[in-house]
Amino acid sequence: MLRNHFETEHNLFRDAFRSFLDKEVVPHQEEWEDAGVVDRSVWRKAGEMGFLLPWAEEEYGGTGLKDFRYEQIMCEELAAINEPGFMIPLHSALCGPYIAEYGNAEQKARWLPGIIRGERILAVAMTEPSAGSDLAGMRTTAVDKGDHFVLNGSKVFISNGLLADLVIVAAKTDPNNKHAMGLFVVERGMEGFERGRNLKKLGMKSQDTAELFFNNVKVPKENLLGDAKGGFFYLMNMLAQERLTNACGAVAGAEAALNATVDYVKERKAFDRPVAHFQNTRFKLAEMRTQIDVAQVFTDRCVMDHNQKKLTPEVAAEAKLFTTELLCKVVDEGVQLHGGWGYMWEYPICKMYANARIQRIFAGTSEIMKEIISRGMKL
Ligand SMILES: Cc1cc2nc3c(=O)[nH]c(=O)nc-3n(C[C@H](O)[C@H](O)[C@H](O)COP(=O)(O)OP(=O)(O)OC[C@H]3O[C@@H](n4cnc5c(N)ncnc54)[C@H](O)[C@@H]3O)c2cc1C
């Protein structure tokens, strides 16, 4: 289906980003997958090309393009090449905005230029071993000691956990109020800040996902973002954009899985005919085509609403729920239509299947999305 919300400048941006991926990412994907992490140098290259935080003000080195369609394009192109580890959206559309939105002028001047150049890689650490969906149940604490806070606790499943130079850590700041938490920027090298091993996962092999430990880490007050008790609100406020980012990548991932499957079933023969000629195959593919087109229209509309600051948390949750569930369905059908070859790592559909599964879990599970949507219905 023809999409109509991109202008010429977006198409040019897409071409430039795609060429960058072809040159700097695609040739390294296997190597990064084996290493369990992408090479730091690619972040700098992306920074040099202006692909990191393009929305940031020029005074910090950004290009001031406050248009979510650029983020959407990057999500789509990364999904199209099935690269789960080089998480530009996490850096640019999830973590960077915390600093731009809640950081003061000094903090922005201190951090944003390095972040935009790809010299300082970002991560956000909310989840703990015993608290994921229930963020208010987190146990990490930050105690006010006058000119600094002392952080104690641990976080788990943190994307960019090994590469990150600046980690935005959520920690409780008032034992009498479970929603009182602050967002602290913990820097590489701070005493007491340690990282665990690179966690072994079902998919997303090139993404470094780690456990982080904070043992009496002294975080200067200058590293607190906004209000020491406002962090919960800040997280909730940003999650709508995070979920839209997931949706953008999920629809593009579904499209890529459909394309890979269509190519395969046209080539593969069974009972003297291409697998594509069986009615079951055609019907399954037709269903996927239809559902992806519908999901794309909805997602594009959400992007335009978000540009106008009209995207509600409920609709962002609908987008994440629908598109990530669809992605998982499409990759599953895709593997089925590939037969045994679909289970082989050398086939893109196999990696797509493994990479997709987390989409229904992170950034809020499908069940939590339903909670948010139903709350909006005042049930
Ligand atoms: C690869 C990967 C990368 C990640 N990256 C990050 C990151 O960078 N930063 C970060 O902070 N976190 C990250 N996460 C964590 C992720 O966001 C959490 O795993 C997710 O929010 C779910 O939390 P949980 O794992 O504790 O599951 P739980 O909250 O324990 O949920 C278990 C089950 O219970 C269900 N459930 C929970 N509450 C309810 C409810 N109220 N109603 C109905 N069902 C419910 C859930 O839907 C789920 O099915 C990552 C996770 C993975 C695996």
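Please refer to the structure higher up on the page.
Since we're looking at a predicted model, the values are computed, not measured.

**Some details on the overall build of the chain**
In terms of helices and strands, the chain carries 11 helices and 10 strands. Dimensions of the chain, computed from the C-alpha atoms along their principal axes, are close to 75 × 50 × 40 Å. Taken across its 379 residues, the chain has 56% of its residues classed as buried. The long-range share in the chain, meaning contacts at least 24 apart out of those at least 6 apart in sequence, stands at 75%. Taking the average location of the 46 positive side-chain charges in the chain and that of its 52 negative ones, the two points are 4 Å from each other.

**Let's talk about empty space enclosed by the protein**
In this structure the tally under the stated criterion is 1 cavity of 30 Å³ or more. The space that makes up the largest cavity amounts to roughly 40 Å³. Forming the walls of the largest cavity are L94, Y98, V124, M238, L239 and E242. Contributing elements (two or more residues each) for the lining of the largest cavity: α5 (88–102) and α7 (231–267). Per-element tally for the lining of the largest cavity: the top contributor is α7, with 3 residues. Residue composition of the lining of the largest cavity, by class: 5 nonpolar, no polar and 1 charged.

Cut-offs and rules
- Residues numbered from 1 in each chain as written.
- Predicted model: local features only at pLDDT ≥ 70, side-chain atom pairs only at ≥ 80, totals over all residues.
- Heavy atoms only, no water.
- Helix = DSSP H or I, 4+ residues; strand = E, 2+ residues; numbered from the N terminus.
- Buried < 20%, exposed > 50% of the residue type's maximum accessible area, 1.4 Å probe, protein only.
- Contact = heavy atoms within 4.5 Å.
- Lys, Arg positive; Asp, Glu negative; His and termini not counted.
- Charge placed at Lys NZ, Arg CZ, Asp CG, Glu CD.
- 1 Å grid on protein atoms, 1.4 Å probe; cavity = no way out; pocket = protein on both sides within 12 Å on 5 of 7 lines; lining within 4 Å.
- Points joined across faces, edges and corners; volume = space filled by probe spheres on them.
- Nonpolar A, V, L, I, M, F, W, Y, C, P; charged D, E, K, R; others polar.

Note that all results are geometric; they support no functional claim without further evidence.
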